[in-house]
Amino acid sequence: MKLSRTQLGLALLAAIAAPAAHAEIAIDVIGGSEVTFEGLVQADGNWFDNDVQDLNAGTTTANGGDGKDSEFDLRRAELVLKGKGPGNIEWVVGYDAKANKFLDTNARYKLGGNANTYFQLGQYKQPNSLEELSSTKNNDFISKAAVTNTYAVARRLGGAVGWGDANWSVTGSIFGRELTRNLAHGSGYGARGTWAPINDGGNILHLGLSYADYDTDADTLRLRARPNADLATVRLVDTGNMTDTDRVSTLGLESFWVTGPFKVQGEYYKTDVSRYRAGSQDFTGEGWYLSGVWNVTGESWGYKAGVPTTGLPDAPGTGMWQLAVRFDSIDLDDGSLLAPSAPGGAPRVDGVLGGKQDIWTLGANWYWRSNFKFALNYVMVDSSRYSSAARAVVNDDPNIIEARAQFYW
């Protein structure tokens, strides 16, 4: 399935022209199901202050980049149909016309009408990672943390069951490949438990634990991370292809605290990769992030299905302003350097030296009325990785300015 720019443009015009456009557009009641149409369009700009590597390299067929230190592109163009009913059934079909891939495409049956107790079949976000499960349109920063993009398991085909109420939840899932061909694959399972010991208006404490385990399928695995810039074509930390891999398991710890207009959020990931061939060492990577957000205009957050929810501005005409800061760290080193086997030779690598990366991100968000969001981030990267060409550990510390204009309905 591939949507043309004309089709996408017509969809956007329909959304903009809809009276009092807000969260969704009601279409009709079909077969006892109330059908609505939603969408999300994000346009990004990245400006790179490169250090060692050219983060914008390889953006043309000539290789080596276009000679510019900036990049502009449509990040997402999501079109989503949703249905409620008949009865306790809910369904969704989503497609990203920019990435040419399916999004959430599933059906859910709510037991006793309870939205927190259900059976689900189809493609959906797997029960791990607070940041991955949160709504893309309301992410605190333009790019998710490097650890989330590297370790979290996103949408896969499968079946899930969930139990819970407004203050706690337990979700279990079995899954396989992504619905769109030639993307993520490998069968596995996952589980997530959450608890909110405090859940009052404007005062929330959330705790969560998750675990995911899946087969690498092709027996080759590569873990790498962009420098928190979605349009960058270069990864500063990269394990390279790890062969003879069997399974990947990831443990996740998560928490956030909301008090009035302030939110503090953090996650920790630990990933273990098992390898089956004698002489191939297992790999362990880890990472974490901690962020803080201040709603300058005084709004707070809600809580639903184990994730924070962002409401509309209290004063739509002036909008909701946010200031944010995040520190995230990822470690893809699980090995060491040994002395050269011959005088004057290169050091030998024992294990995997994918590198380490620490990033500070400063951000500002403006939610205007009910359909628009504008975001600006300043990213400061501190990375190091062993280079076989240089025969040394190379530090690469670029800075990046990022901007995003977003329209959603």
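Everything in this summary refers to the structure shown in the same document. (Residues numbered from 1 in each chain as written. Predicted model: local features only at pLDDT ≥ 70, side-chain atom pairs only at ≥ 80, totals over all residues. Heavy atoms only, no water.)

### Comments concerning the overall build of the chain
Looking only at helices and strands, the chain features 3 helices and 24 strands. Relative to the 2.2 N^0.38 estimate, which gives 22 Å for 409 residues, the radius of gyration of the chain is 22 Å and therefore close to what a compact globule would have. With the C-alpha coordinates of the chain rotated into their principal frame, the extents come out at 75 × 45 × 45 Å. When each of the 409 residues of the chain is scored for burial, the buried share is 46%. Sequence separation of 24 or more characterises 62% of the internal contacts of the chain that already satisfy a separation of 6 or more. Only carbon and sulfur atoms are counted for the fraction: they give 57% of the accessible area of the chain, which is about 18900 Å². In the chain, 37 side chains carry a positive charge and 47 a negative one; their mean positions are 5 Å apart. (Helix = DSSP H or I, 4+ residues; strand = E, 2+ residues; numbered from the N terminus. Rg over C-alpha atoms; globule rule 2.2 N^0.38 Å. Buried < 20%, exposed > 50% of the residue type's maximum accessible area, 1.4 Å probe, protein only. Contact = heavy atoms within 4.5 Å. Areas by Shrake-Rupley, 256 points an atom, 1.4 Å probe, with all protein chains shown as cover. Lys, Arg positive; Asp, Glu negative; His and termini not counted. Charge placed at Lys NZ, Arg CZ, Asp CG, Glu CD.)

### What to know about the pattern of salt bridges
With the rule as written, the count across this model stands at 16 salt bridges. Its salt-bridge partner being Lys 263, residue Asp 140 comes within 2.9 Å of it at the nearest N-O pair. With Asp 140 in the loop between α2 (130-133) and α3 (146-151) and Lys 263 in strand β16 (residues 262-275), this residue pair connects regions lying 123 residues apart in the sequence. Both residues of the pair, Asp 140 and Lys 263, belong to the buried class. One continuous salt-bridge network, built from bridges that share partners, spans Asp 44, Arg 75, Asp 230 and Arg 404. (Salt bridge = Lys/Arg side-chain N within 4 Å of Asp/Glu carboxyl O.)

### With respect to the packing of aromatic side chains
Tallied over the full model, the rule gives 16 aromatic pairs. Taking 5.0 Å as the distance between ring centres and 55 degrees as the angle between the ring planes, the aromatic pair formed by Phe 327 and Trp 360 counts as tilted. Of the two residues, Phe 327 is situated in strand β20 (residues 320-338) and Trp 360 in strand β21 (residues 348-368); the sequence distance between them amounts to 33 residues. Judged by relative accessible area, which is 44%, Trp 360 ranks as partly exposed. Through pairs of rings, three or more aromatic residues link up here, namely Phe 37, Trp 321, Trp 366, Trp 368, Phe 372, Phe 374, Phe 407 and Trp 409. Its guanidinium or amino end placed over the ring of Phe 141, Arg 326 lies 4.4 Å from that ring's centre, counting from NZ or CZ. (Phe/Tyr/Trp six-rings, centres within 6.5 Å; stacked < 30°, edge-to-face > 60°. Lys NZ or Arg CZ within 6 Å of the ring centre and 35° of its normal.)

### Some words on empty space enclosed by the protein
A full pass over the atoms with the stated rule returns 2 cavities of 30 Å³ or more. Each pocket or cavity is described by its volume, and for the largest cavity that value is around 40 Å³. Estimates place the volume of the second largest cavity at around 30 Å³. What lines the second largest cavity is simply Asn 128, Ser 210, Thr 250, Leu 251, Gly 252 and Tyr 269. For the lining of the second largest cavity, the element with the most residues is strand β15 (residues 245-259), which contributes 3 residues. Residues of the lining of the second largest cavity, tallied by class, amount to 2 nonpolar, 4 polar and no charged. (1 Å grid on protein atoms, 1.4 Å probe; cavity = no way out; pocket = protein on both sides within 12 Å on 5 of 7 lines; lining within 4 Å. Points joined across faces, edges and corners; volume = space filled by probe spheres on them. Nonpolar A, V, L, I, M, F, W, Y, C, P; charged D, E, K, R; others polar.)

### Description of the pairing of strand β9 (residues 188-200)
The pairing of strand β8 (residues 168-175) with β9 spans 8 bridges and is classified as antiparallel. Looking at the pairing, Ser 169 lines up with Thr 194 of β9. Inspection of the sheet shows β9 paired to strand β10 (residues 203-215) by 11 bridges, in the antiparallel sense. Bridge assignment links Asp 200 to a residue of β10, and that residue is Asn 203. Adjacent in sequence and paired antiparallel, β9 and β10 are bridged by 2 residues, among which Gly 202 carries a positive phi angle near 75 degrees. (Pairing = 2+ DSSP bridges.)

### Regarding the environment of Trp 257
Here Trp 257 is to be found in strand β15. With a relative accessible area of 41%, Trp 257 lands in the partly exposed category. In sequence terms Trp 257 and Trp 360 are 103 residues apart; their C-alpha atoms lie 20 Å from each other. Here Trp 257 is in contact with Asn 203, Ile 204, Leu 205, Phe 262, Lys 263 and Val 264, once residues within four sequence places are set aside.

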